[in-house]
Every structure is written in C-alpha cells, then in structure tokens.
Amino acid sequence: MHSLITEGDAMTAAPATGAASVAWLLVALPLLGAAILLLGGRRTNKVGPALATGLSWASFGVGVVVLVQLLGQDAGARAHHLTLWSWVPAGSFDLDLGMLVDPLSVAFVMLITFVGSLIHVYSLGYMEHDPDKRRFFAYLNLFVAAMLVLVLADSYLLLFVGWEGVGLASYLLIGFWNWNPAYASAANKAFFVNRVGDLGLSIAIMTMFITFGGVDYATVNEGVAGANQSTLTAIGLLLLVGACGKSAQFPLQSWLGDAMAGPTPVSALIHAATMVTAGVYLVVRSHVIFDAAPDAALAVAIVGAITLVFGAVVGCAKDDIKKALAASTMSQIGYMMLAAGLGPVGYAFAIFHLLTHGFFKAGMFLGAGSVMHGMNDQVNMRRFGGLSGAMKITWATFGLGWLAILGVPPFSGFWSKDKIIEAAFVGEGWQPWVLGTAALVGAGVTAFYMSRLFFMTFHGEKRWTDDVHPHESPKIMTVPMMVLAGGSAFLGLLLAWPFAETAPIVSWLAPVVGEHGEEHPVLAVPVLMGLTLLFVAVGIFLAWRQYWNEDVPEVAPRGSVLTRAARVDLYQDAVNEGLFMRPGIHLTRSLVYVDGKGVDGAAGGLAALVGGFSSRLRRLQTGYARSYALTMLTGVVAVLGALWVIQ
Amino acid sequence: MPSVMPAEFKAVSIDYLAVLPMFLVVAGALVGVLVEAFAPRAKRHAIQVWLTTGVLVAALVVLAVWSRDHQSITLGGSVAVDGVSLFLQGTLLLLATIGVLVMAERFGGTGSDAFTPMGASTPGSHQEDAATRAGYATSEVFPLTLFAVLGMMVFVSANDLITLFVGLEVLSLPLYVMTGLARRRRLLSQEAALKYFLLGAFSSAFFLFGAALLFGYAGSSDLAAIATAIRTNSGDLEGLLLPGVVLVLVGLLFKVGAVPFHSWTPDAYQGAPTPVTGFMAACTKLAAFGAILRLTYVGVGANRWDWQIGVVVIAILTMVVGAVLSVTQTDVKRLLAYSSVAHAGFILVGVLAFSQSAIGGVMFYLLAYGATTIAAFAIVAMVRQDGSEASHLSQWAGLGRNHPVVAGVFAFLLLAFAGIPLTSGFTAKFAAFAPAVESGTSGVVMVVVGVLASAVTAFVYVRLIVLMYFTEPAEGVVALQPSVPSTIGITLGVAITVVAGVAPAVVLQLANNASQFLL
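Residues numbered from 1 in each chain as written. Chains lettered and ligands numbered in written order. Predicted model: local features only at pLDDT ≥ 70, side-chain atom pairs only at ≥ 80, totals over all residues.

### Considering the overall build of chain B
So the rule is basically this: To qualify as a helix, a DSSP run of H or I must reach at least 4 residues; to qualify as a strand, a run of E must reach at least 2; elements of each kind are numbered from the N terminus. Throughout, the radius of gyration refers to the C-alpha atoms, and the reference size of a globule is 2.2 Å times the residue count to the power 0.38. To sort residues by burial, count the other C-beta atoms lying within 10 Å of each one's C-beta; a count of 20 or more means buried, 12 or fewer means exposed, and anything in between means partly exposed. C-beta atoms are built from the backbone. Two residues qualify as a contact pair if the distance between their C-beta atoms, derived from the backbone, is within 7 Å.
Summing up its helical and strand segments, chain B has 20 helices and five strands in all. Relative to the 2.2 N^0.38 estimate, which gives 24 Å for 519 residues, the radius of gyration of chain B is 23 Å and therefore close to what a compact globule would have. Dimensions along the principal axes, computed over C-alpha positions, put chain B at roughly 80 × 55 × 40 Å. Burial status across chain B gives 60% buried among its 519 residues. Counting only contacts in chain B whose residues sit at least 6 apart along the sequence, the fraction spanning at least 24 positions is 80%.

If you want it as structure tokens, here you go:
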C-alpha cells in the first residue's frame, strides 16, 4: 500500500447528548411491536400489521432526528456513546452494554429503517390474504430490532446478540410457510451454514477477550497496537469466517439461494438489503484489526473476488427469478467484501455500494414479488416474457434497478461499483491485476445475467402458461417500489456528488474508517471507466441477442458444461456433501463410537462414582438422633485433635 | 479487715433508636400471644397475618430511616448496631416478611394450610379428628416466628458471648416448636422437631462450653476484650483459647448446617411445614452466618492461623458432601436441604477470605440465597397430589406440561441455585468467591472445590428441570392456585432473584458500604 494513506484520528465517543441519547428508541420501538404482536395473540390480528408498520416508521423518524443532529456537529464529534446496562459498575468484573451512534452506524440505521419500513408497507399488500400475517409482521419487526442492535452495538458481544437475533428472524421467516417441507429444510440449511460462521465469530470474540481483556470496540481498538501479529491475523480470519456465513460468501454461500423460499418481501429486506450485508459491516467495523493484519485483509479481498465471479456465473444459468437475484446479491456482496478487504482505500466504497445496493436490489426483489403476484406465484422466467406491457410500473421500477446494478451512468450503481473497480486496481505486484480483473470481468458478467433476467421477464415473446392473467399490483405495493426506484436512480449521484471536492459519503465515513490520500490505479482511471462500460455493453448485447431477439425455449436446453454446473450452484451442494457431509457423517459416527465408549464411559463412570459415593454416604444418614450426635462429637474431636497436632 | 465496697452502680446508656426495631419485634410478638388468647377464632388468622407483617415492615422502615443514623455499641456494650448488623437485620426483616406471607397461605381453608389445627393433640387421635372437624385453626406460628426473628436480630448484633447465647436460644426454641407444627405427616414432623431439639441442645452445650473456656482465657465475654487479650497475648491460660474458639464455632456451624454438624438438616427440612422450612433455611442461615462473621472478624480473628485450617476443611467437606448427597435424593425438600448444606459451604468460602469485600459478598449471598429459597419452598408447598404435598421427585414429572408458570418459576429458581449467569446465584457466588481467590492458596483451593461442587449440584437441578419439562406428567398432580399474600411473597422472592442477577450493582454497593464492624 502507498504511504499516502493517512489514518483518521481515532474518534473517541463522547457520552450521548440530544437525540442520540434516545437512540435506544430505535431498537425499542420495533421490539415493542414484535412483543405486542407475539404476546397479544389473535386480539392483535386486525391492528397488528398496521401497528408494526407504524412503529418501523417511527424508528425511522428517530433515525432521521439523530442523523440531523450528527450533521449539525463537527466531523470529529459525531460519535456518541450510550450506556444501556451495566452489570456491576464498580466491580472487578464489569460488563457494560451500550450503543455507539456514529456515522457508520447511522448510515446503517437509515438504510435499515427506511428500506425496512418501505418493505413493511409493501407487505401490507403482498401478505394481505395470508392468514398468519400478524406473525409475519411480528417477525419483521423483530428482525428490524435485531438488525439495529447489530449495527448500534458498542461491543462485539452485543453485536453478537444482534447477529444471532437477525439469524433467528431470518430462520423464522425463511420457514414462514413451513407447511412446505422444502421451505422448512431451506430454513434449516440456512440455520446450519450460519452456525459455522457464528462459531468463527464467537471464537474471534473469545480470542479478543483473552488478548485485549475486553470486547468493546474502544478496548479492542486500543489494544490492537500492542498485540502480536499472528493473533491479529487469527482474529481477522475468524471474523472473516463469521462474515462469510452471514453474508453468503465463498465457501459458505450455499444457503442464500435456498433462503428464497421465504416470502419475497423477506428476500428483499433480509436476504438482499440488510442482513446479508452484516458481514461487510463487521469487516468495516473491525477495520483497525484488519489494518494491522494485512494478511487477513488480503484474505477478505480474495474471498470477495472469488464470490463476485462465482455468484455472477451462477446467476447466468438460473431460470428462477428469485434465485437469479439471490446469485446476484451474493456477487454484489462479493464486490463489497473485495472493497472492504482493500483497506482504507475501499472501506467507504464498500459501505457506499452497500447502501446503493440496498436500494436497487430491494427494489428489484419487490419487482420480482410484484411479477409473481401477477403471475400466480410462478418464478420460472422461461414462462414470463413480454410483461412490460402488462405491468408498466413494475417494468419501469425494475428497469431503473437494472440500470443501476449494471453501472450505467448516471444511475446509482455506476458511482459505487466503478469506485470499487478502480480501488481494486490500486496496489503493487500481482494483486491489482488479479483482483481488478475479477472485478472488471464480474461487471461484464453482471451486465449479461441481469439483462438476461430483465429481457426474459419483461421483453421478447410472451411464454405465459394458459391460466395467468398478468396485472399490475395495487398501489400499496407499487409505491414502495417507486420510492426504491428513485433511490436506484439518484442515491448514488447524491452520495457521490461529483461536483464536491470529496464525495459526501467518503467525508461522512472518514471519522470512523479513516481517510486515504490520492491513489493511483495501475491503469489510468478513464481507461478503467471505458473498459468497464465496454464490458457492460458487451454483456447487454449478448443478453439482448440471445434473450430478446431470439426465442427463449420454454424448457431449458441442456446447455454447456459450464451452464449445467452453474445451474446447480457450481456443484456447491455436491462439494459440501462430498467434502463435509460425508466425512462429517463418518467422523460423527466414529466420534459417537468414541463418545459412547470413551467420553460417555468417563462421564458415566464419573456420574456412577459420584452416585455410588452418594449412596454410600447416604447410609450415614440413619435417621437416629444418637448417630447424628455421634457424628457431631466425632467431628469436634477430629477438628480439635487435628488442630492440636498441627499446633 | 478491708470491706469490699460494692461497685458504683452506673446506668447503662441505651441508644433506643438503634435498637428500636428489636423492641418493635418483641412487642409485636407479645401482642401476638395476646391475640392468640383473646381474639375470636374466626378473625385470628387475619389479625395475626396483618399484625406480623405490619410489625416486620414497621421494624424495617424504622431500621432504614432511623437506626441507620444511630450506629453504636449500646445496651452496655452487649449489642453492636453497625453497618453489618443493620444490613443483616434489614435483610432478616425482609426475608421474614416474605416468609410470613408464604406461611399465611390458606388455600381456601380456615387457617394456615401448612399448620396443624391443634399442635398439642396426638397424631391420629380422636382429639385431632375432633379439632379438624371443628375447623380449629391455631395461628401461634406467627408470634413464634416473631420471637425467632427477635432471636436472630440479637444473634447478628450480639457483641459478647452471653448475648450471643441468649440470641441463640431465643431463635432456636421457637424454631423447634414450629418444626413440629405440620398439618400433614405429623409424626414425621414431630420426630423432626424432637431431633432438631436434641441436637440443637447438644450443640448449645458445645457453644456454652466454648464460651466458658474463652471467658476463662480472656477474663471477659466481650468480643472486643477477647480480641485484645489475643492481640496482646495477655491471656492467663493460653491452652483454653483454641478449644474455646473451636467449640464456640461448632455451636454456630451447627446452625448453618456445616458438615459434620449437618445431619439434622435433611430430617428437619423434610419434616417441618414447608413454609417454615423456607423461613428456617433462609433466616437461620443468615443469622448464624452473621454471628460467625462477627465472632471471627471482631473476636477471634487475631489467632486465626491456629484454627482457620480446621474451618477450611469443614468448608470443603460441606460443599462436597452437600453436593454429592443431593445427587441421590428422591424428595424435593431433602434435595433442597442438601443444596442448602452445599450453599453453607459456598458462603463459608467467602467468610474465610477475611477481607472487607468478603463481608459484603457474604451478606449479598445471604440475601440472594434467602429470597430464592423462601420462594422455592413456597412453590414446593403448592404442588399437591390427593390433598397432600407431592414432594417425591416422581410426582414432579411433567409438571411443566400442566402448570407451565409454576414449573417455569421453579426452574428459574433452580437455575439461580445452580449459579447460572443473570440470576442472583451467579452474582452471589461471584461476590463470595472473588475475595477468596484474592486471599491466598487455601482460598483458591476452596474456590476450585466450590466450582466443582456447583457443577455437581447444577446437574441435580438441571435433571429436575428436565424431569418437569420432558417427561410424561404424573397422574393427579396439581399445583394449587396461591392466594394474594403468598403470591406477593413468591413474587418478591423471584424479583430479588432477578434483580440481584441482572442489575446487582445497587444491592452489592449497599452491602459493600455496610461491611464495617464497629469495634
């Protein structure tokens, strides 16, 4: 890395004042909603959904007030600390839980509460006829609360609480229609894969506790300077494992496609806009550790690069509209991970892309939901086509999302993704060439598969099944889509604001993640920009030729080896099965054997020993007062005698 | 021949506000006796419950408002009203209030459900039948409780051995009677009372003998005078000191149920009326540990290197035997009895740390454990089969299916006994063990044993929770609906268990601030 990089002054958080001191309301409001809906039972069936939606908007309102307060302060004074609960304040073992309100967490708060509230509104329409919608809204509120805990936590411990909370909400929502065994098993898959990641994170937290003597960000960040390199690398890699599980990064990505079993608003909120980006948040929040452990940071970048290509390839072959979008999510988070792994040059852009992606991907998921709504819940794009006429609003809003994710100027994705590609080309040796090329090629493939998705759904021949009558969705669903489409179009421009000296998002995040000086990619910036647009154009053209201009077969052709591989997620499940499950089963069997003979033997033996000892001792308890008195006397004599002897 | 002039009579100065809580309790007890004799039978129960709780709460208020500012050694040097005794007396009054609320449970009958309508009648006799038929309801248990509380309050503040002995007897005698008052399984109850009385008398003898030896050594029964004698090495008869200390300690360790002086505990706990068991387990233990703290910290601490090792061994034995024996118990009350033995060991670990933070830790432990215990025994009293208490473990199977709230609360209390984080049990163990670890090798050894013993007892509790939730319900076992007073009592106990686990800072701070003896 260049020496031009300057570390931002470590911002110390002052006790919260003003609006920030009621930041706990952000979490409390949706949590209250979840509690009322879950505990209130059927009585809240009627008002429940509206109440949940209202509380989510209220939380957004609090977020706006906090944002305004922070905007009015100096950049260095924008971090507020809020102590919520302290176990023993003046003891030798103090355990405090608190919130950290700083630019990074507030950026997330805005994304979560705004997109979350829009999706609440959308769900009012989407889930209207579901008999169990009260439970659905309760879980949505629970999710929003847990996600806010995750990003507002002031320590890894509380972050972990939120981390598990969103995992729980995600599990409950994926399996929401659990009368379908496939959906229930998808929920379980997500659960198990996430356990692997969580294990990594929890070991990281324990290691931090041992190394730094605390797990709050302030203590950890302070302790990093004095810790040894290999410990830091280990912590970094363990954090990466946690991030991979939650953010569906290689090699823990297999659950995300199956998670699409949940209702579409859930896919939009949890499995596109917010929860799956928690891994990126974790890496950026731990930037002090990754800055001090370049090997771990490089691992993050490599994982991101692999995933972005992997997801893009898988996306090319999926015919299920939601699974294609899921593959795209995976790939886009790969971009964010790559950026986060690049160090100070990339942190701000990782978050920037995360924000714009939150809008355009949520918008496209809601669009997909709207399409499904009009097409009897079908998801096979080979039976769509030509929907642009029937669903004008959905087509237009989806189209804006499509342009955004492609990175077509001046839509949102252009500003955020282009910066990541540029950043990937910064550096020395092989790194910029490999990572940069991956990012560049990924952009081209993204253009291909997203255009394929868009054309197959909205253009070309109508390949509808006989029983469908596509129609536009009601206002309550289309309005949120329009708002998100607005974000897809303009949020990038707004946050990047090319006419300012530094992009507003960069200067906003600078106090947290540090500033970086002028960087020079190994290729000139205009060349990179041109190359990217060229790749994108080629991608669109190829998709146009194959999926708009020519007829799309209603049954998927056999396809090439690569296509077939991509359809089954590049054999990820098979690899998992061969590499982990089967040996795992063998290992489990042998462990069970050892456990049965050895450990259980030991534990059972120990229990038997205690039990036997206990039964024998019990006989001393004869029930006769005389023998009790004798025991006492013996005790006195023994103690006195022994003390005399010792004396 | 020189005539011996009688010593000039000096009036003892009494700080009345300092000892007013004790006066209130004794007055309440005397009034209670009169109520028992003169009030109409139909109203007696209600009057006694109101009177007793009223007196206890009033004493607590007086203590918190006035006595706090009148810390002194008063009543001619025999009673020390200092931070420690005030904290312990306050805790005692609070726990006794909860205990009385639980004792008041009638389950719709005329008198307290747990107590016999006529204590003097022979079990199974016509007299007993007649008393039951006539709907007799005796409520002498309430004044008896007040007398016991008085004894305990004296016990924790006694500053000389004579007062200590008076306190011991005042608290013991009512408890012997209360143990024998059970309405059901009266023979078992009376047997327990007799055993408790015989062994209690035996231990009192040890105490008295030890006190005599210490008096012989120091020429005074005053704790401070004994301490001075030890420090200045001015005792005439050096050889009396060690046996004196040991024998006095034996008398006190008997009350807390330390091994090998614990044998009465399971029998008395099982036989006594269940609410009395809860009261006894919480308050007797608290009073006795209060006395042990004062004796060892104020009185005989100076030569502790001579006797400490003996108590260390007793503490280890207590934890191990209590934990191990709880494994094979099949009766809930006996199980909790052995658990209380183990807890006595844990508290002793704290006492033996000999530091100021240890005093705070021990006092916190006593409060936390007492509240949990009374609530737990109150719930044991609610679970019935065919009208009598279902105390056998097999009867608790599947309780969670039919009575989720009762089983849930009980499971929570068991987790507190086990010392799971976010319950008072964890905080208390932490507060008692941390000073022990800092105190040296023997402290570390005791803490290691303590943690292992906790693991064994945790197994016992978790097994009971599993039994309640994951097995088929036993036939005909029901949990009765508690009345308002005992609901308040149980709620208080559970609330203290929660608060002392989740936000212990305030109480811990209070205990630490109070951990000063007046010398």
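### Let's talk about the overall build of chain A
What chain A contains, in helices and strands, is 24 helices and three strands. Here chain A holds 647 residues, and 52% of them are scored as buried.

### Remarks on the nonpolar core
All names here are of chain A. Rules: Put simply, a nonpolar core is a cluster of buried Ala, Val, Leu, Ile, Met, Phe, Trp, Tyr and Cys residues tied together by C-beta atoms within 7 Å.
By size, the foremost hydrophobic cluster in this structure holds 209 residues, and its most contacted members are L148, L152, L338, A362 and L509. Broken down by element, the residue count for this core peaks at 17 residues, all from helix α15 (residues 344–374). When neighbours within four sequence positions are excluded, L509 is seen to be in contact with P103, L104, Y347, A348 and I351.

### Focus on the packing of helix α13 (residues 332–351) of chain B against helix α14 (residues 356–382) of chain B
Residues and elements named next belong to chain B. Inclusion rule: Angles here are taken between N-to-C directions and fall from 0 to 180 degrees, while the axes themselves are lines fitted to C-alpha atoms, restricted in helices to the stretch in contact. Should an angle lie under 35 degrees it is considered roughly parallel, over 145 roughly antiparallel, and from 65 to 115 roughly perpendicular; all remaining angles are considered oblique.
For the pair α13 and α14, interaxial distance at closest approach is 10 Å and the crossing angle is 175 degrees. The angle between α13 and α14 places the two elements in the roughly antiparallel class. Contacts from V332, K333, L336, S340, H343, I347, G350 and V351 in α13 reach A358, G361, V362, Y365, L366, Y369, T373, A376, F377 and V380 in α14.

### Some thoughts on the sheet that holds strand β3 (residues 383–385) of chain B
Cut-off, in case you're wondering: A pair of strands is treated as paired once DSSP finds two or more bridges between them.
One open sheet holds the three strands; their spatial order is β4-β3-β5 (chain B), and the pairing between them is antiparallel. What marks the edges here is a single partner per strand, and that holds for β4 (388–389) and β5 (477–479) of chain B.

### Examining the interface of chain A and chain B
For the record, the criterion: In this count, Pro and Cys sit with the nonpolar residues alongside Ala, Val, Leu, Ile, Met, Phe, Trp and Tyr, while Asp, Glu, Lys and Arg are called charged and the others, Gly among them, polar.
Tallying the contact residues gives 28 residues for chain A and 30 residues for chain B. Those elements that place two or more of their residues in the side of chain A that touches chain B are α23 (572–618) and α24 (625–646) of chain A. Top element by residues in the side of chain A that touches chain B is α24(A). It accounts for 13 residues. Grouping the constituent residues of the side of chain A that touches chain B by class yields 16 nonpolar, eleven polar and one charged.

### Considerations on the sheet that holds strand β1 (residues 14–15) of chain A
Residues and elements named next belong to chain A. Ordered in space as β1-β2-β3, the three strands form an open sheet in which the pairing is mixed. The open sheet is flanked by β1 and β3 (96–101), the only strands paired with a single partner. Bridge count between β1 and strand β2 (residues 80–86): two bridges; the pairing is parallel. Bridged to A14 within β2 is H80.

### Things to note about helix α19 (residues 484–502) of chain B
Residues and elements named next belong to chain B. Going by this rule: Each residue after the first adds 1.5 Å to the expected span of a helix. To obtain the arc, one takes the directions from the helix axis to the C-beta atoms.
Between its terminal C-alpha atoms α19 stretches 26 Å, which fits the 27 Å expected from 19 residues at 1.5 Å a residue. Listing the buried residues of α19 in full gives S486, G489, I490, G493, V494, I496, T497, A500 and G501. Looking down the long axis of α19, one finds its buried residues gathered within 150 degrees of arc, a one-sided arrangement. Opposite the buried face of α19, by more than 90 degrees, sit the exposed residues V484 and A495. Against α3 (83–103), α14, α16 (404–418), α17 (424–439) and α20 (505–513) lie the buried residues of α19.

### Side note on the environment of B:G239
Residue and element names in this part refer to chain B. Mapped onto the secondary structure, G239 falls in the loop between α8 (223–232) and α9 (241–256). Of the residues examined, G239 has 12 C-beta atoms within 10 Å and is grouped as exposed. Remark: the alpha-carbon pair of G239 and L213, spanning 26 residues in sequence, is separated by 9.3 Å.

### Considerations on unusual backbone geometry
Residue A:P251 follows A:F250 across a cis peptide bond; omega there is 0 degrees. With omega at 5 degrees, the peptide bond leading from B:V259 into B:P260 counts as cis. As for its position among the elements, B:P260 is in the loop between α9 and α10 (264–271). The residue B:F107 is not glycine, and still its phi comes out positive at about 50 degrees. In this structure, B:F107 sits in the loop between α3 and α4 (126–133). You can call B:F107 partly exposed: it has 16 C-beta atoms within 10 Å.

### Some points on the confidence of the model for chain B
Here is the rule: Per-residue confidence from the predictor is reported as pLDDT, a score between 0 and 100.
On average, residues of chain B score 91 in pLDDT, and 98% of them reach the 70 mark or higher. Both scores are given for the predicted complex: the pTM is 0.71, the ipTM 0.89.

### Observations concerning the confidence of the model for chain A
Residues and elements named next belong to chain A. Residues with a pLDDT of 70 or more make up 89% of chain A, whose mean pLDDT is 83. When mean pLDDT is taken per element in chain A, helix α11 (residues 278–285) scores highest with 92 and α23 scores lowest with 66. In the model, residues 1–10 has pLDDT below 50 throughout and makes 18 contacts with residues more than four positions away in sequence or in other chains.

### Considering the pairing of β2(A)
Two elements, β2(A) and β3(A), share six bridges in a ladder whose sense is antiparallel. Residue pairing for β3(A): A:H81 is matched across the bridge by A:L100.

### Focus: the packing of helix α6 (residues 181–212) of chain A against helix α7 (residues 217–224) of chain A
Residues and elements named next belong to chain A. Put simply, the test is: Crossings are classed by handedness, with left-handed meaning an anticlockwise turn of the near helix from the far one by less than a right angle and right-handed meaning a clockwise turn.
At a minimum axis separation of 10 Å, α6 and α7 run at an interaxial angle of 65 degrees. At the point where α6 passes α7, the crossing takes the left-handed sense. Residues M208, T211 and F212 of α6 lie in contact with α7, whose contacting residues are T219, V220 and G223.

### Focus on the environment of A:E128
All names here are of chain A. With respect to the element layout, E128 can be found in the loop between α3 (103–126) and α4 (133–152). A count of 12 C-beta atoms within 10 Å places E128 in the exposed class. Sequence spacing of E128 and P49 is 79 residues, and the spatial spacing of their C-alpha atoms is 9.6 Å.

### As for the environment of A:A190
Residue and element names in this part refer to chain A. Along the chain, the position of A190 falls in helix α6. Residues A190 and P498, 308 residues apart in the sequence, show an inter-C-alpha distance of 40 Å. Not counting residues within four places of it along the chain, the set of residues in contact with A190 comprises S170, Y171, I174, W255, D258 and A259.

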